[in-house]
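Chain by chain, the residues run as shown.
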Amino acid sequence: MYVNRNYSFLMTFKWSKKPFYYGLVYAAIITILYQVTEIKFTLPWQPISIIGIAVSFYLGFKNNSSYDRTWEARKIWGAIVNDSRTFATAVISLLNENPDHETEILKKSLIYRHLAWVISLRYMMRIPKSWEHKFGPQNIVFVPTYAEILNNGLDKELKEYLSESELAHFRTKSNIPSQILKKQSEVIKEIKNKGLISDFKQVWFHQLIGRLYDNQGMSERIKNFPLPRQYASVALWMTWVFCLLIPFGLLDIFLTSDELWIWMTIPFSGMIIWIFFLMEKIGDYSENPFEGAYNDVPISSITRGIEIDLREMLDDENIPKPYPVENGFLM
Amino acid sequence: MYVNRNYSFLMTFKWSKKPFYYGLVYAAIITILYQVTEIKFTLPWQPISIIGIAVSFYLGFKNNSSYDRTWEARKIWGAIVNDSRTFATAVISLLNENPDHETEILKKSLIYRHLAWVISLRYMMRIPKSWEHKFGPQNIVFVPTYAEILNNGLDKELKEYLSESELAHFRTKSNIPSQILKKQSEVIKEIKNKGLISDFKQVWFHQLIGRLYDNQGMSERIKNFPLPRQYASVALWMTWVFCLLIPFGLLDIFLTSDELWIWMTIPFSGMIIWIFFLMEKIGDYSENPFEGAYNDVPISSITRGIEIDLREMLDDENIPKPYPVENGFLM
Amino acid sequence: MYVNRNYSFLMTFKWSKKPFYYGLVYAAIITILYQVTEIKFTLPWQPISIIGIAVSFYLGFKNNSSYDRTWEARKIWGAIVNDSRTFATAVISLLNENPDHETEILKKSLIYRHLAWVISLRYMMRIPKSWEHKFGPQNIVFVPTYAEILNNGLDKELKEYLSESELAHFRTKSNIPSQILKKQSEVIKEIKNKGLISDFKQVWFHQLIGRLYDNQGMSERIKNFPLPRQYASVALWMTWVFCLLIPFGLLDIFLTSDELWIWMTIPFSGMIIWIFFLMEKIGDYSENPFEGAYNDVPISSITRGIEIDLREMLDDENIPKPYPVENGFLM
Amino acid sequence: MYVNRNYSFLMTFKWSKKPFYYGLVYAAIITILYQVTEIKFTLPWQPISIIGIAVSFYLGFKNNSSYDRTWEARKIWGAIVNDSRTFATAVISLLNENPDHETEILKKSLIYRHLAWVISLRYMMRIPKSWEHKFGPQNIVFVPTYAEILNNGLDKELKEYLSESELAHFRTKSNIPSQILKKQSEVIKEIKNKGLISDFKQVWFHQLIGRLYDNQGMSERIKNFPLPRQYASVALWMTWVFCLLIPFGLLDIFLTSDELWIWMTIPFSGMIIWIFFLMEKIGDYSENPFEGAYNDVPISSITRGIEIDLREMLDDENIPKPYPVENGFLM
Amino acid sequence: MYVNRNYSFLMTFKWSKKPFYYGLVYAAIITILYQVTEIKFTLPWQPISIIGIAVSFYLGFKNNSSYDRTWEARKIWGAIVNDSRTFATAVISLLNENPDHETEILKKSLIYRHLAWVISLRYMMRIPKSWEHKFGPQNIVFVPTYAEILNNGLDKELKEYLSESELAHFRTKSNIPSQILKKQSEVIKEIKNKGLISDFKQVWFHQLIGRLYDNQGMSERIKNFPLPRQYASVALWMTWVFCLLIPFGLLDIFLTSDELWIWMTIPFSGMIIWIFFLMEKIGDYSENPFEGAYNDVPISSITRGIEIDLREMLDDENIPKPYPVENGFLM
């Protein structure tokens, strides 16, 4: 997530310059061909503009859908924050005290295992998918802290919150966060069997775990189900077809006014092509909010926030620092 | 579901080429007729463009609605994943233990019957409807594994999770998944009568079953209630009318500049007609997310994911493998 | 609900032909007047096209809202299906057994009364409103089975599920479904007083009844609160004003090219007027999803589906057949 | 709420005629000035049409938001209907009977106090706000019954359902409905202390009261938070700027064809100005659904419906009649 | 929040005049350059208008998203109002009485701590973010009361509702509201240990606290996650590019009619540029509903409303007055 007021024009342009340059070259070829061959292959602008309007609509729809995906992803991780706080408060205040301080140890282990769930879910969200843009940690040059942690891997982070044996058990499973929650509900069963909570409170804990399953599943849904590729592809190819037609149409217009300025076709084509591919790209780069790139929902930072909040509730020590903003990015 | 970055231009074109070819032929006929008869039946472009804008809007609305249907379908099956995990965790952790290990058998049978519910619901979703595109398993050439399983039929899959007698009973009913859930709640009643759960926990299990009924009913709603046919049909016929007018309008424009190039009417008509029918088709092929075709929500794969997850929770054996991606498709 | 792939072009046209014919006549009058009087009352097309775009937007908004109403109506009746199944399962599995088989009779009467609720709600939804299109059962020629059942009236259907005395009591009330649910909660009170359910289960039943009240109230809301008439009326009158201007604008365009073909104004006006009124009508005929006409949400068929499902749960006899599809329509 | 099929064209025009007349006068001044001074101050139409499209979009967005406010308001009052029925059914069926018939009196007083809550909330919704259109009861000439009841004031209606002392107590508070609900929960506490309900049922009643607070708060939100005035104002001023430019643009177009018909600028300007201000007004008059004017959500009629329904549940006497539709309006 | 009917045209213009003036200067430079150099660098209007339409769409999308953010923020604070009332009613009516009046003190302290939560959340919402417009209290000249309270700081307000020691404890924590809620649930645990509430009621209180965590987290989400900067930036730069092209296009149009009036390019450019930047700004200034500026959701006023309502429930004394409307603004 970029956290400054606006991407500068230069940053925006640098990121999206390819279509502009290719557009220039393409329009130049068309214009020169026209000058050289004198074949009248220009096209009237009016029907091209109808295609342009249709493409604008379609891109509008796609940008809207991409935005909704990003926003929903953020909502889900917001719900993870809320339910983490509620779960931690439940652990802290709903268990009966018993004399030998075992309860305090149990509370801490439940909250630590919960943090392991959040962290392993975060890792799962960042595993690359076949429809995503490819970024390796080595490419995340503007946010070195994040790239470093990514390189360290899941195990290093989980070790802080799980015992070795538990970690080994989870490693044999396909879906680690899902099995962590199952473990939590088994621990709560033991707590109930020890008489620290009533039947009724056990069900309430189970309902909380159900909400965590909901959050996990919704997050997986955004991750595993892309913007349907038929929609995304049509947006791309419609933009291509429209942009291929532009120089033909502009040539036609410029020809009617004055032959000398026919060369204006080239920069003007480049600019229109750039604008349309910019609209196409902005949706394209926002539709996968967990692809491990700069416009991601900042789930690393959100996870860290949960760690801080829950460990402050435990009056814990060695609480980690919030993620830094580096070069305007928060991951 | 297609899982690669984009459908290639060739794939997109192959799938939608008919309107292009027919458009070429139609525009050729009009142009030749014009040349031969010299009757001035051309039409001005300006009013045609108003129709074009209206059609773009309408298709935009329809594509949006189709997308919402697909997305809602995915959300519902996401909820089935979440509630399956919550249900399995409830089964595993909320029952009291009894000495003779009967509980373990009960747990396994409850979770197996739940898997039978998911599988039978998946089959019901793939039964063809009168408004859907027709695909038989023999047409699903790009995803042979899926076609094969489809051919094997429901019974073969259910046998793994249900006893013969139960299966025979369900076969006499109209709505198998609905009756499976009723059976689950009767089993839970027995569990309660045996004293393995309290009155309160029985109601909680019943509420979970209520959520599964909600998921099933929502999935049936998407399946049984198409995008209202009046909306879909008007989209189709408006596109037709607009496309029929295009060559008349283009002729008029090309005529005014230079008679020689009047033949450009033909490819240019084909292209515009193709773009508009492409927009029409993309919604048309996404509005029924369970029609058993390539752009479906991948409910077979989701079902398999649930099987793996729940059976790993049981520390079960012979856990099946995830569905393979074949030729870029996941079903 | 129409259940075939698409309304044919002929069906679509037959249903919406009036504006086309009137448009032809109107445009003919204008064109002849122009030819006879030679008064230059034509209008430039450019500003007309701005009105056309504004009208397209407005109709797009209205169609979207109408679609949302239909879709919400279907969602509500989907929820009625789900909550009916949950309620029936609750009745079947949550009551304690008592020796004299009284419980079985109670269960059946509760589920039968529930079916009476669904049926009476369906009838209430089909009572005509002052803003709806007027259809009598005699006009529903394409779906004779539905028309016949409509003619038989509510009482005949309710008698199957309610005793004579109860039915007589409900007839004195303004809102029958609302009073049926109140009766259900009184019966559940008696069941509790007999010791067949605990205090806790009584509240759960009451919550289920609360959900049924929610479904009923939402269905009444769609029925009793139309698309605000100011929005609908402005859509209609804007379309009228735009269509009245069309021949003046087309005349102006045709005049500039060639006087001979001025007569093309007439069919072309008819076609544009038809397209815009078609867009207006499609929303207009979908905004009241319970008006008892062909594009209704098929609540008769949904009700029948609930009857079948719940009575199969009771292992009941003489279970009715599903509603037939007649001439492509399901009601 | 208007309940007929459509506002007639005359009613629509009468309500929105001002911009038409002013538009005529303004365009006439411009045209005459042009004729007299012969200064060429006309403007090209093409850039004006871009402003027109931008304004159409913006008004479309605003109309959509206004519609959503009205629809949400209706949903909230629909929820009030549903929760009122659920609350009344809870009161009737969840309390234990005691011998001295005190319970019956308690039940009636709880339901009566609930009706007082609905009525006082309705009054609060109709108190004028600084951003609303100003209507006094004396202006509501088409719905005299409603105007009369409005004149009678809140106290007269509340006296039917509350004792004098309670009413006096509530009069000292800022937010009467909020304090009525607090009183309800104190009465339920007493009922619990008398042993008529269990601990568990008390909480369920409290949850019902929480839902009523939700409904009240959502209704207050719509009332107290207008469509943000910056959005509404920009819609207004953009429409103004666009309409001020129209005659300059039309003059330019008419000039190029024939000087004689330059006077067509005047009626044509009036018409376009009227259409755009009509679109602006339709949103403007729907954005405050509780302003006490003709397009309001009919909360008086909904309140009366709740009174009838709940009092029929009590088998009460002197049940009031439904609100009449007067001149096509229901309030 | 502005609470009058409309921002006057003058206020609107004053707030957005910069692009108008810069537009004038820029267009003047272009026009003079053209006159002086006689280089034909003008551009055809038709392709510019396609960019204009695309920009209009994009700004429409952005305005819609900004509006949704504001509206969601208001909904969240509406939920805070509702849940505060429900929580206070729970505190007042669900605790058992004990003889030594300790309960009354406990009730008051719980409600006071709740008010401290609301107030500290409000302060947290107003801490400036790197993507927000910068306003210091000294700039809020039109609402002096609000600016003054802002200057006084959080501590002064919290002291009224929290003891010194509690306040000192919270000051050591990162997220004060989050820790206040944790404290509430510990106090409720003590209440339960004293026997004033049952196990069941304790869980209900915990669920209420969970809802408050949800509200807090949703409010934080709106605050901490801006409209994705890539979307916002592209809107800005697209508007810039479009506006830079406008004078070139207008020059071309004016040239074709009459050289004398070529100077009309300047005011007309200014006006179009102003309209588009106005649309851009209106979204830009509404996307952060808690930035402490004039168009904020009025969370200070809402907080005060909660204080009044809850303290009236306690029959408290020295209840503060509602926030005043100053110069049409409510904060």
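From a predicted model like this one, the values you see are computed outputs, not experimental measurements. (Residues numbered from 1 in each chain as written. Chains lettered and ligands numbered in written order. Predicted model: local features only at pLDDT ≥ 70, side-chain atom pairs only at ≥ 80, totals over all residues. Heavy atoms only, no water.)

(A) Structural view of the overall build of chain A. Per the secondary structure count, chain A includes eleven helices and zero strands. From first element to last, N terminus to C terminus, chain A shows the α and β order α-α-α-α-α-α-α-α-α-α-α. A compact globule built from 331 residues would reach a C-alpha radius of gyration of about 20 Å, whereas chain A, at 27 Å, exceeds it by more than 25%. Counting only C-alpha atoms and orienting by the principal axes, one finds that chain A spans roughly 95 × 35 × 35 Å. Within chain A, the proportion of its 331 residues that are buried is 68%. Here the contacts in chain A between residues at least 6 apart in sequence split such that 79% fall between residues at least 24 apart. With the model as given, the accessible surface of chain A reaches about 11400 Å², and the carbon-plus-sulfur share is 60%. Here chain A contributes 35 positive and 35 negative side-chain charges, whose respective centroids are spaced 2 Å apart. (Helix = DSSP H or I, 4+ residues; strand = E, 2+ residues; numbered from the N terminus. Rg over C-alpha atoms; globule rule 2.2 N^0.38 Å. Buried < 20%, exposed > 50% of the residue type's maximum accessible area, 1.4 Å probe, protein only. Contact = heavy atoms within 4.5 Å. Areas by Shrake-Rupley, 256 points an atom, 1.4 Å probe, with all protein chains shown as cover. Lys, Arg positive; Asp, Glu negative; His and termini not counted. Charge placed at Lys NZ, Arg CZ, Asp CG, Glu CD.)

(B) Representation of the nonpolar core within the structure. Grouped together as the largest cluster of nonpolar side chains are 359 residues, with contacts concentrated most on W77 of chain A, W77 of chain B, W77 of chain C, W77 of chain D together with W77 of chain E. For W77 of chain D, the contacting residues outside a window of four places in its chain are V118, L121, R122, M125, S219, F290, I299, I302 and T303 of chain D. Residues M264 of chain A, V241 of chain B, F41 of chain D together with M279 of chain E belong to the second largest nonpolar core, which totals 245 residues. (Core = buried A, V, L, I, M, F, W, Y, C linked by side-chain atoms within 4.5 Å.)

(C) Examining the interface of chain B and chain A more closely. At the junction of the two partners, chain B supplies 70 residues and chain A supplies 66 residues. Summing the contributions of chain B and of chain A, the shared interface buries around 6100 Å²; its carbon and sulfur component is 65%. For chain B, the biggest contributors to the area lost against chain A are R5, Y67 and W71 of chain B; these three give 12% of the whole. For the pair chain B and chain A, the number of links is four salt bridges. The residue D199 of chain A makes a salt bridge to K201 of chain B at a minimum N-O spacing of 3.1 Å. (Buried area = accessible area lost by both parts, 1.4 Å probe. Salt bridge = Lys/Arg side-chain N within 4 Å of Asp/Glu carboxyl O.)

(D) Spatial organisation of the relation of the copies chain B and chain A. Placing chain B over chain A gives an RMSD of 0.0 Å and needs a rotation angle of 72°, together with 0.0 Å of translation along the axis. Those values place the two copies in the arrangement expected of a five-fold rotation axis. Of the residues that chain B buries at the interface, just 7% are likewise interface residues in chain A, meaning the two copies contact each other through different surfaces. (Least-squares fit on C-alpha atoms with pLDDT ≥ 70 in both.)

(E) A look at the arrangement of the chains. Chain A makes no contact with chain C; the smallest distance between any of their C-alpha atoms is 12 Å. You won't find any contact between chain A and chain D; their C-alpha atoms come no closer than 12 Å.

(F) Region of interest: the pattern of salt bridges. Evaluation of the coordinates by the stated rule reveals 110 salt bridges over all chains. K182 of chain B serves as the salt-bridge partner of E186 of chain B, at 3.5 Å between the closest nitrogen and oxygen. On the criterion of helical spacing, the pair formed by E186 of chain B and K182 of chain B is a turn pair, its members being four residues apart in helix α7 (residues 176-193). A relative accessible area of 8% means that K182 of chain B is categorised as buried. As a salt-bridge pair, E102 of chain D and K194 of chain D come within 3.2 Å of each other at their nearest N and O atoms. Of the two residues, E102 of chain D sits in helix α3 (residues 102-125) while K194 of chain D sits in the loop between α7 (176-193) and α8 (199-224), which places them 92 residues apart along the sequence. By relative accessible area, which is 27% here, E102 of chain D ends up partly exposed. Look at K194 of chain D and you get partly exposed, because its relative accessible area is 45%. Beyond isolated ion pairs, a larger network of salt bridges with shared partners links K108, E160, R311 and D316 of chain A.

(G) Seen up close, the UniProt feature "transmembrane region" (unreviewed entry) in chain A. All names here are of chain A. Those residues carrying the UniProt feature "transmembrane region" (unreviewed entry) are residues 20-37, 43-61, 231-254 and 260-279 in this numbering. As annotated, residues 20-37 has a helix share of 100% and a strand share of 0%, and its two end C-alpha atoms lie 25 Å apart. With 89% helix and 0% strand, residues 43-61 has end C-alpha atoms that lie 28 Å from one another. (UniProt positions renumbered as here; feature names shortened; annotations may be inferred.)

(H) The interface of chain D and chain C, seen in detail. Of the residues lining the interface, 70 residues belong to chain D; the matching set on chain C comes to 66 residues. Carbon and sulfur atoms supply 65% of the area buried between chain D and chain C, which totals about 6000 Å² over both sides. Sorting the residues of chain D by area buried against chain C places R5, Y67 and W71 of chain D first, and these three jointly supply 12% of that buried surface. Remark: the boundary between chain D and chain C carries four salt bridges.

(I) Looking closely at the confidence of the model for chain A. Residues at a pLDDT of 70 or more form 98% of chain A, whose mean pLDDT is 91. Between the elements of chain A, mean pLDDT differs from a low of 83, seen in helix α4 (residues 144-152) of chain A, to a high of 96, seen in helix α8 (residues 199-224) of chain A. (pLDDT = per-residue confidence, 0-100.)

(J) Geometry of a negative patch on the surface. Taken together, D68 of chain A, D68 of chain B, D68 of chain C, D68 of chain D together with D68 of chain E make up a surface patch of like negative charges. Here D68 of chain A is to be found in helix α2 (residues 45-94). With relative accessibility at 43%, the residue D68 of chain A sits in the partly exposed group. (Patch = residues over 30% accessible without salt bridge, like charges linked within 9 Å, V, L, I, M, F, W, Y side chains within 5 Å.)

(K) Focus on the packing of aromatic side chains. For the structure on display, the rule yields 140 aromatic pairs over all chains. When the ring of F9 of chain C is compared with that of F13 of chain C, the centres are 6.3 Å apart and the planes differ by 15°; the resulting orientation is stacked. Residue F9 of chain C and its partner F13 of chain C are located together in helix α1 (residues 9-37), separated by four residues, close to a single helical turn. Geometrically, the ring pair formed by F61 of chain C and Y231 of chain C is edge-to-face, given 5.4 Å between the ring centres and 65° between the ring planes. Linking F61 of chain C in helix α2 (residues 45-94) with Y231 of chain C in helix α9 (residues 229-257), this pair joins segments that are 170 residues apart in sequence. An identical accessibility class is assigned to F61 of chain C and Y231 of chain C; each is buried. Here the aromatic cluster, defined as three or more aromatic residues joined through ring pairs, consists of F9, F13, F20, Y21 and W274 of chain A together with W237 of chain E. Over the face of the ring belonging to W15 of chain B we find K281 of chain B, whose NZ or CZ atom lies 5.2 Å from the ring centre. (Phe/Tyr/Trp six-rings, centres within 6.5 Å; stacked < 30°, edge-to-face > 60°. Lys NZ or Arg CZ within 6 Å of the ring centre and 35° of its normal.)

(L) Examining the relation of the copies chain D and chain C more closely. For the pair chain D and chain C, the relating rotation is 72°, the translation along its axis is 0.0 Å, and the fit reaches an RMSD of 0.0 Å. By residue overlap, the copies meet through two different surfaces: only 7% of the interface positions of chain D are interface positions in chain C.

(M) Main features of a nonpolar patch on the surface. Residue and element names in this part refer to chain A. Together, V25, I29 and L33 make up an exposed nonpolar region whose accessible area comes to about 260 Å². Structurally, I29 is set in helix α1 (residues 9-37). Among the residues examined, I29 registers a relative accessible area of 46% and is labelled partly exposed.

(N) Expanded view of unusual backbone geometry. For N318 of chain A, which is not a glycine, the phi torsion comes out positive at approximately 55°. With respect to the element layout, N318 of chain A can be found in the segment after α11 (299-313).

(O) A positive patch on the surface, seen in detail. On the surface, K75 of chain A, K75 of chain B, K75 of chain C, K75 of chain D together with K75 of chain E cluster together to form a positively charged patch. Considering the arrangement of structural elements, one finds K75 of chain B in helix α2 (residues 45-94).

(P) Broad picture of the packing of α2 of chain A against helix α7 (residues 176-193) of chain E. Viewed as axis vectors pointing N to C, α2 of chain A and α7 of chain E meet at an angle of 30°, and their least axial separation amounts to 9 Å. Our classification of the angle between α2 of chain A and α7 of chain E gives roughly parallel. Relative to α7 of chain E, α2 of chain A is oriented so that their crossing is right-handed. Of the residues in α7 of chain E, those in contact with R85, T89, I92 and S93 of chain A of α2 of chain A are S178, K182, S185, E186 and K189 of chain E. Here the residues of the contact of α2 of chain A with α7 of chain E sort into one nonpolar, four polar and four charged. (Axes fitted to C-alpha atoms, helices over the stretch in contact; angles between N-to-C directions. Parallel < 35°, antiparallel > 145°, perpendicular 65-115°, else oblique. Left-handed = near helix turned anticlockwise from the far one by under 90°. Nonpolar A, V, L, I, M, F, W, Y, C, P; charged D, E, K, R; others polar.)

(Q) How the structure looks around the environment of M124 of chain D. Residue and element names in this part refer to chain D. You can see M124 is positioned in helix α3. On a C-alpha basis, the gap between M124 and L154 in space is 9.4 Å, while along the polypeptide they are 30 residues apart. Not counting the four nearest positions on each side in its chain, M124 is found in contact with N175, P177, Q216, E220 and K223.

(R) Spatial organisation of the packing of α2 of chain A against helix α2 (residues 45-94) of chain E. At their nearest, the axes of α2 of chain A and α2 of chain E sit 10 Å apart, and the two run at 20° to each other. Compared by their axis directions, α2 of chain A and α2 of chain E come out roughly parallel. The interaxial crossing formed by α2 of chain A with α2 of chain E has right-handed handedness. The residues of α2 of chain E that touch α2 of chain A, namely those facing W45, Q46, S49, G52, I53, S56, F57, N63, N64, Y67, W71 and K75 of chain A, are Q46, P47, I50, I53, A54, F57, Y58, F61, S65, R69 and E72 of chain E. Split by residue class, the contact of α2 of chain A with α2 of chain E holds twelve nonpolar, eight polar and three charged.

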